[in-house]
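Structural overview for review
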Amino acid sequence: MTVAPHRLDECFPASALVENQRTLDRYLVEAVGTFGLVLTVGVAMCSRAPFATVAIGAVLMVLIYAGGCRVGAHFNPAVTLAAALWGRIPFSEAAACWL
């Protein structure tokens, strides 16, 4: 399955580390976003604050607005699985996001 070129691919020069700089950006945003979400959930649940769910939702909203429009980050393995099953992303990219 081939993926259509993205408008942001023109902005980033090719790198020797990855075949496409956007791939490195995608994995970096996914890792940072997942870390932020897991950290927020852990702190909110341990603090037993009454509005912990609002904090989790607010952080997830900010992460999606910050990283989702740039690289299409999912921040949730279940969303990545659903996107792979629907054919939105190849299974090789989904497996790389899960690692």
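Everything here concerns the structure above.
These notes cover the structure that comes with them. Not measured: the values here are computed from a predicted model.

1. Details of the overall build of the protein chain
If you tally the helices and strands in the protein chain, you get four helices and zero strands. Going through the 99 residues of the protein chain one by one, you find that 26% of them count as buried. Here the contacts in the protein chain between residues at least 6 apart in sequence split such that 46% fall between residues at least 24 apart. Approximately 7,100 Å² of the protein chain is accessible, and the part contributed by carbon and sulfur atoms is 70%.

2. Quick word on the side chain of Thr 40
Checked against the element boundaries, Thr 40 lands in helix 1 (residues 21-47). Apart from the residues within four sequence positions on either side, Thr 40 is in contact with Ala 55, Ile 56 and Val 59.

3. Structural notes on unusual backbone geometry
Generally, phi is negative for residues other than glycine and the peptide bonds are trans, each holding for most cases. Look at Arg 48: it is not a glycine, yet its phi comes out positive at around 55 degrees. Mapped onto the fold, Arg 48 is located in the loop between helix 1 and helix 2 (52-71). According to the relative accessible area criterion, Arg 48 is exposed, its value standing at 75%.

4. Observations regarding the nonpolar core
By size, the foremost hydrophobic cluster in this structure holds eight residues: Leu 37, Ala 44, Ala 52, Ile 56, Leu 63, Val 71, Ala 73 and Phe 75. Going through the elements one at a time, helix 1 and helix 2 are the ones with two or more residues in this core. With four residues, helix 2 is the single largest residue contributor to this core. Not counting residues within four places of it along the chain, the set of residues in contact with Ala 73 comprises Val 29, Glu 30, Gly 67 and Gly 68.

5. Quick look at helix 3 (residues 77-85)
Every buried residue of helix 3 is accounted for by Thr 80, Ala 83 and Ala 84. When helix 3 is viewed along its axis, its buried side chains cluster within an angular range of 100 degrees and face the same direction. Set apart from the buried face of helix 3 by more than 90 degrees, the exposed residues are Ala 78 and Leu 85.

6. Quick look at the environment of Val 71
In this structure, Val 71 sits in helix 2. In this structure Val 71 comes out as buried when scored by relative accessible area, which is 5%. Sequence separation between Val 71 and Arg 26 is 45 residues; the distance between their C-alpha atoms is 5.3 Å.

7. What about the packing of helix 3 against helix 4 (residues 91-98)?
Two elements in contact, helix 3 and helix 4, have axes whose closest approach is 9 Å; the angle formed by their N-to-C orientations is 170 degrees. The pairing of helix 3 with helix 4 is recorded here as roughly antiparallel in orientation. Residues Pro 77, Thr 80, Leu 81, Ala 84 and Leu 85 of helix 3 touch helix 4, and the partners they reach there are Phe 91, Ala 94, Cys 97 and Trp 98. A per-class count over the contact of helix 3 with helix 4 returns eight nonpolar, one polar and no charged.

Calculation rules
Residues numbered from 1 in each chain as written. Predicted model: local features only at pLDDT ≥ 70, side-chain atom pairs only at ≥ 80, totals over all residues. Heavy atoms only, no water. Helix = DSSP H or I, 4+ residues; strand = E, 2+ residues; numbered from the N terminus. Buried < 20%, exposed > 50% of the residue type's maximum accessible area, 1.4 Å probe, protein only. Contact = heavy atoms within 4.5 Å. Areas by Shrake-Rupley, 256 points an atom, 1.4 Å probe, with all protein chains shown as cover. Core = buried A, V, L, I, M, F, W, Y, C linked by side-chain atoms within 4.5 Å. Arc of directions from axis to C-beta. Axes fitted to C-alpha atoms, helices over the stretch in contact; angles between N-to-C directions. Parallel < 35°, antiparallel > 145°, perpendicular 65-115°, else oblique. Nonpolar A, V, L, I, M, F, W, Y, C, P; charged D, E, K, R; others polar.

Functional significance is not addressed by these values, which are geometric in nature.
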